[in-house]
Amino acid sequence: MIEPLARIRQADVADVPILVEARRRMFVDMGDDCPALDAVDAASAAWLAERIPTGAASGLIAEDADGRWIGALSVRHEDTPPSAGNPAGRQSYVFGLWVRHECRRRGVARALVTAAVEDARERGEGAVLLNATDVGRPLYESLGFEVAPAMRLFFDPAS
Ligand SMILES: CC(C)(COP(=O)(O)OP(=O)(O)OC[C@H]1O[C@@H](n2cnc3c(N)ncnc32)[C@H](O)[C@@H]1OP(=O)(O)O)[C@@H](O)C(=O)NCCC(=O)NCCS
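Computed from a predicted structure; not experimentally measured.

About the criteria used
- Residues numbered from 1 in each chain as written.
- Predicted model: local features only at pLDDT ≥ 70, side-chain atom pairs only at ≥ 80, totals over all residues.
- Heavy atoms only, no water.
- Helix = DSSP H or I, 4+ residues; strand = E, 2+ residues; numbered from the N terminus.
- Rg over C-alpha atoms; globule rule 2.2 N^0.38 Å.
- Near = heavy atom within 4 Å.
- Polar contact = N/O pair within 3.5 Å; in protein donor to acceptor, adjacent residues only side chain to side chain.
- Areas by Shrake-Rupley, 256 points an atom, 1.4 Å probe, with all protein chains shown as cover.
- Pairing = 2+ DSSP bridges.
- Axes fitted to C-alpha atoms, helices over the stretch in contact; angles between N-to-C directions.
- Contact = heavy atoms within 4.5 Å.
- Salt bridge = Lys/Arg side-chain N within 4 Å of Asp/Glu carboxyl O.
- Buried < 20%, exposed > 50% of the residue type's maximum accessible area, 1.4 Å probe, protein only.

(A) Expanded view of the overall build of the protein. In terms of helices and strands, the protein carries 4 helices and 5 strands. Counting from the amino terminus, helix and strand elements in the protein follow one another as β-α-α-β-β-β-α-β-α. Taken against the 2.2 N^0.38 rule, which gives 15 Å for 159 residues, the C-alpha radius of gyration of the protein at 16 Å falls within 12% of a compact globule. Projecting the C-alpha coordinates of the protein onto the three principal axes gives extents of approximately 45 × 40 × 30 Å.

Right, dumping it as structure tokens:
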């Protein structure tokens, strides 16, 4: 296997702090560092801790040979109305992918996303969805993901 990646493992509830830290660092790298992230971390930790035991969410953790985590991602396993493209009506939504700076460009993210796609197949899901950053887009496209126009409307949390 390519150094520094030694293995990828499924997260359990004890790993929620790793998944939350990875997602926070992703937001910071995206330029979204703001005071609200502390509250987001706490709420995300509770969200994951509730869902990982039920299988409604999962996480994957990349480790180096010393057992140090070097990257991670989270997944929401969701119902969706069955369609021709996804008759199973089940899909993965991948989020919170982040790789340590000193470990980048060595295939860690590729291995994490590949493992998430394989896991989705094994669960009988029909699709894997995600929102890509500019940095992440080439990786996803090389793994077969296509751009699908999605629209969204956020409500102002302060109003
Ligand atoms: C995006 C990110 C997860 C990639 O992690 P990584 O382990 O370096 O990715 P990989 O080594 O598996 O790279 C796979 C491919 O992604 C693309 N890629 C990775 N880093 C890139 C960069 N800085 N610029 C352009 N393309 C890049 C390349 O196509 C690369 O293939 P190559 O090695 O053949 O050139 C990492 O840069 C990161 O954590 N960024 C900040 C958070 C973020 O944007 N997360 C993604 C949210 S969708």
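(B) The site of the ligand, seen in detail. By nearness alone, 19 residues border the ligand, and Leu-97, Arg-105, Gly-107, Arg-110 and Thr-133 come closest of all. At a separation of 3.2 Å, an oxygen atom of the ligand approaches a polar side-chain atom of Arg-104. Contact distances for the ligand include 3.0 Å between an oxygen atom and a backbone N or O atom of Ala-109. Protein contacts shield 77% of the accessible area of the ligand, which totals 890 Å² for the unbound molecule. Sorting the residues of the shell around the ligand by element identifies α1 (16-29), β4 (90-99), α3 (108-122) and α4 (137-142) as the ones contributing at least two each.

(C) Expanded view of the sheet that holds strand β1 (residues 7-10). As summarised here, the arrangement of the 5 strands in space is β1-β2-β3-β4-β5, forming an open sheet in which the pairing is mixed. Every other strand in the sheet has two partners, leaving β1 and β5 (127-130) as the edge strands with one partner each. Across the sheet, the mean angle separating the axes of adjacent strands is 25 degrees when strand polarity is ignored. Relative to β4, strand β3 (residues 69-79) runs antiparallel, the two sharing 8 bridges. What sits directly across from Ser-74, in β4, is Phe-95. Docked against the sheet, helix α2 (residues 36-51) engages β2 (57-63), β3 and β4, running at close to 105 degrees with respect to β2.

(D) Representation of the pattern of salt bridges. Counting across every chain of the model gives 13 salt bridges. Across the pair Arg-76 and Glu-78 runs a salt bridge, and its minimum N-O distance is 2.4 Å. A single salt-bridge network, built from bridges that share partners, covers Arg-7, Arg-9, Asp-15 and Glu-63.

(E) Highlighting unusual backbone geometry. With a phi close to 65 degrees, Arg-105 is a non-glycine residue in the positive phi region. Assignment of secondary structure puts Arg-105 in the loop between β4 and α3. Since its relative accessible area comes to 84%, Arg-105 is described here as exposed.

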